[in-house]
Amino acid sequence: MFKREQISVRFDTSEVLSPGTTMSPVLLLFLLPTTLSSESTSTQAETSTGLKFIVAFPENIAYYHPDQPQNKVRITALYHNTELIIKMNTSHIQTEILNARQTWEFAPDAKLELDRSEIANKTLLITSDKLITVHVVSLKSNSMQTILITPADRLGTEYLIPPVPMIEGTTHPVDMVMRDVAERGPFKLIIINVDQENTVTVQGAVSKVVSLQPYQVAQIWVKTEDILRTVKADQPVAVLFGHSCAIRYNCTCGQLYTLLPSAREEQQKFYIPPVLAKGAEDETFVLLSTQVSPFNSNSGLVMTAGTAMLYRPGLLLPLIPEIDFAACSVVSFITSVQNFAVIVVHKDFTDGVHVGSRPLESPEWQQLQGTELVSTSVVLASNQTVIWHSFSKMAVYFLGKKAGAVFGHPAAVVSKIPDIRGCVVSPEVVKIGQHAGSWQESLKYCKDNNLELVSFPKAQLQRQIYDKIVQAKNDSLQVVWIGMRRSSQTGEWYWLSRDPVTDTNWGDGEPGMVHDGQCAIMSLERSKDFGWSDENCCKNIHPLCYSSPVLLSV
């Protein structure tokens, strides 16, 4: 996956596939040889963005004080004029309008926090008309936890339960764990149902079955003797794993929760940046599906078919598998705490990392032992919330530090599609028209498809589009029209976009004299370096249509 070229190509399959259907690029070449696109209905499913989220707030008994915790939901919009609707137990309580990159905080009623009831009707439903990201912040005294919320359409029906970490005073010694004392209580599973009746089975040596109505929540103790391994549901659910008051230090306890990722059968690569264990190496453990391993700074990679998590006092962090590396993430920023981002990227591609509008400045990269990857920690300012890569993918985590304790979560993924111009919200479309026609007819064809004949004045953008073309073009198709032609008044070449003609890619001996071809074509052959030529505008040639991406302001 770590190629410098553009690798996240999406194909325009709307003319031959039903909505939601996906197809491999190889098969696509046979079915639709003249169409390629970075636009796809599956783009949203690859990210942390969505239109519907359901949230529950675990019991928080941090520091043993009866004070009310300060629960907040933080919502970030990707588009202007995004309408949010907030419902508590399905009853409407608030509507809000956000603009692109605006983050809004909502403090729910304290009564929404879960108690110890096995089944509860305490959920918050968040819907929007445009894509948003959602994460939850829970604060009580100096104990803070943050959780990135998974969109409802990405929730699964099967989850693997990680092993419980060994925490002195909480889960160890085992014979001292008791249900009635908060810090000595077992870990919990919190199962959040969405909008259908559901039956959920928690499988283990002693299995448990619960029936849930829409938007209900079930709480299951993870007791050692039950050996619980898997959550299976008839309909999608969200599953939280953690503890209401895990012992940390100096006889204090803090909330410790995370959202489990849905199960995957195939083996995944998980990279462990050593900075996550900095200052707490002896207290840091890696939780795999069937075992707990001490943190090993000499190994930056673990492979497992299930979930991999990192535990250290105050932090329970799902590790990002390589398959979920992305090109752009939105990073939380919380006032009154120290804010950091941890970035993991291939060692040869560090120059493509940007924080906000600027390349990452003077980072101290640290090698992940046994891998080709490096990691670094970046101190965040309030205006640095978008981290993106111009030509590859990476993993990004948010970490906060309050009163010496670290908390955090994987950063919200906005896009898996790298782009030299910034963070892609809606990807660019590159489409070779199915019908050959004159330059004028091709211009109309593109406009009829809400596109334009491609104008790409900058060399970097030319290379980006060339890389997309080479992955999907029909070998029998040799040339295409592009959005360049001569001025009838001056004979000078110009782009339809009216951008200045600066970086050109004319083939050998091209262009000809002013009385030769008046319109421009582009070779589709890499051996000819995708060179341009002038051509008679009336010749029948396929068009190369294009639309620019929508970028998130940085």
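Just above, that's the structure.
The shown structure was predicted, so the numbers you read here are calculated from the model rather than taken from an experiment.

Asks: So what about the overall build of the protein? Which residues, and what values?
Replies: Scanning the protein from N- to C-terminus turns up three helices and 40 strands. Of all 554 residues assigned to the protein, the portion counted as buried reaches 56%. Counting only contacts in the protein whose residues sit at least 6 apart along the sequence, the fraction spanning at least 24 positions is 74%. Here the protein displays about 23500 Å² of accessible surface, and carbon together with sulfur accounts for 48% of that area.

Asks: Help me get a handle on the packing of aromatic side chains, residues and values and all.
Replies: Counting across every chain of the model gives twelve aromatic pairs. With centroids separated by 5.7 Å and ring planes inclined at 20°, the aromatic side chains of F456 and W532 adopt a geometry described as stacked. Taken as a pair, F456 in the loop between β34 (452–453) and α3 (459–470) and W532 in strand β38 (residues 532–535) lie far apart in primary sequence, 76 residues in all. Each member of the pair F456 and W532 is classed as buried. With a centroid separation of 5.8 Å and an interplanar angle of 80°, the aromatic rings of W506 and W532 are classed as edge-to-face. Of this pair, W506 sits in the loop between β36 (493–495) and β37 (519–523) while W532 sits in strand β38, placing them 26 residues apart in sequence.

Asks: Let's hear about the environment of E452: which residues, and what values?
Replies: Relative to the assigned elements, E452 resides in strand β34. Here E452 falls in the partly exposed class, since its relative accessible area comes to 38%. In contact with E452, other than residues within four places in its own chain, are C446, K447, L544, C545 and Y546.

Asks: Provide a residue-level description of empty space enclosed by the protein, including the pertinent values.
Replies: Going through the model one piece at a time under the given rule, you end up with four cavities of 30 Å³ or more. Taken as a whole, the largest cavity holds about 170 Å³ of empty space. Looking at the largest cavity, it is lined by 20 residues, and the ones nearest its centre are A56, V136, I147, I149 and L240.

Asks: Explain unusual backbone geometry to me, and be specific about the residues and the numbers.
Replies: The peptide bond linking H172 to P173 adopts the cis configuration, its omega dihedral lying at -5°. With omega at -10°, the peptide bond leading from E510 into P511 counts as cis. Relative to the elements of secondary structure, P511 occurs in the loop between β36 and β37. Of note, N450 is a non-glycine position whose phi angle comes to about 60°, a positive value. In this structure, N450 sits in the loop between α2 (439–448) and β34.

Asks: How would you summarise the state of the cysteines if you had to cite specific residues and measurements?
Replies: Enumeration according to the criterion identifies four disulfides in this entry. A disulfide bridge connects C245 with C253, and the sulfur atoms are separated by 1.5 Å. When sorted by exposure, C245 lands in the same class as C253, which is buried. Each sulfur of the disulfide joining C519 and C537 lies 1.9 Å from the other. What sets the handedness of the C519 and C537 disulfide is the S-S torsion sign, and at about 100° it is right-handed. In this pair, C519 sits in strand β37 while C537 sits in the loop between β38 and β39 (544–547), placing the two residues 18 residues apart along the sequence. Accessibility assignment for this pair places C519 and C537 in one class, buried. Sequence-ordered numbering of the disulfide-bonded cysteines in the protein gives the connectivity 1-2, 3-4, 5-8, 6-7. Between C538, a cysteine without a disulfide, and C537, which holds the nearest cysteine sulfur, the sulfur-to-sulfur distance is 6.7 Å.

Asks: Outline the nonpolar core, supporting the account with residue identities and numerical values.
Replies: Nonpolar side chains tend to gather and get buried jointly when the protein is soluble and globular. Residues I75, L124, I126, L189, I191 and V231 are the most contacted members of the largest nonpolar core, which totals 66 residues. Considering every element that reaches this core, the biggest residue donor is strand β14 (residues 230–247), with ten residues. Counting residues in hydrophobic clusters, the runner-up holds 26 residues, among them L276, F340, Y397 and V406.

Asks: For the side chain of N71, give the residues involved together with the corresponding values.
Replies: Note that N71 resides in strand β2 (residues 70–77). The class of N71 is buried, set by a relative accessible area of 8%. Side-chain polar atoms of N71 contact the side chain of S138, separated by 2.8 Å. When sequence neighbours within four positions are dropped, the list of residues in contact with N71 reads F57, F106, A107, P108, E113, V137 and S138.

Asks: Now, about the side chain of T385: what can you tell me, with residues and values included?
Replies: Considering the arrangement of structural elements, one finds T385 in the loop between β27 (373–379) and β28 (386–389). Engagement of the side chain of T385 in a polar contact is seen with the side chain of R101, the distance being 3.0 Å. If near-sequence neighbours (up to four positions away) are discounted, T385 is found in contact with R101, S329, V330, V331 and F333.

Asks: Tell me about the sheet that holds strand β33 (residues 429–432), and please be specific about residues and values.
Replies: Judged by pairing direction, the sheet is antiparallel, and its three strands sit side by side in the order β33-β39-β34 without closing on themselves. This sheet does not close on itself; its edge strands, each paired only once, are β33 and β34. Examined bridge by bridge, β33 and β39 share four bridges and lie antiparallel to one another. Following the sheet pairing, K431 is matched in β39 by C545. Contacting β33 and β39, α3 runs over the sheet at an angle of about 120° to β39.

Thresholds, definitions, all that
Residue positions are counted from 1 within each chain, in the order its sequence is given. Totals for whole chains, interfaces and linings use every residue, but because this is a predicted model, local features are given only for residues with pLDDT of at least 70 and side-chain atom pairs only at 80 or more, for both listing and counting. Side-chain measures here rest on the full set of heavy atoms in the structure, leaving out hydrogens and waters. A run of H or I in DSSP becomes a helix once it reaches four residues, and a run of E becomes a strand once it reaches two; helices and strands are each numbered from the N terminus. Per-residue accessibility, obtained with a 1.4 Å probe over protein chains only, is compared with the maximum for each type, and a residue is labelled buried under 20%, exposed over 50%, and partly exposed between these values. Contacts: residue pairs with any heavy atoms within 4.5 Å of one another. Here the Shrake-Rupley method, with its probe set to 1.4 Å, supplies the accessible areas, and only the displayed protein chains count as covering residues. Between the rings of Phe, Tyr and Trp (Trp by its six-membered ring), a pair exists once the centres lie within 6.5 Å; its type follows the angle of the planes, with under 30 degrees stacked, over 60 edge-to-face, and the other angles tilted. Both cavities and pockets are sets of points on a 1 Å grid over the protein atoms alone; in a cavity a 1.4 Å probe fits but cannot get out, in a pocket the set is open with protein on both sides within 12 Å along at least five of seven lines, and lining residues sit with an atom within 4 Å of a point. Grid points are joined across faces, edges and corners, and a volume is the space filled by probe spheres set on the points. Only a pair of cysteine sulfur atoms within 2.5 Å qualifies as a disulfide here. In these notes, a set of buried Ala, Val, Leu, Ile, Met, Phe, Trp, Tyr and Cys residues joined through side-chain atoms within 4.5 Å is what counts as a nonpolar core. In protein, a polar contact means a hydrogen-donor-capable atom and an acceptor-capable atom, both N or O and within 3.5 Å, with residues adjacent in sequence counting only if both atoms are side-chain atoms; elsewhere, any N or O pair within 3.5 Å suffices. Here, a strand pair is defined by DSSP locating no fewer than two bridges between the strands. Only the stretch in contact is used when fitting a helix axis, every axis being a line fitted to C-alpha atoms; angles between N-to-C directions are given from 0 to 180 degrees.

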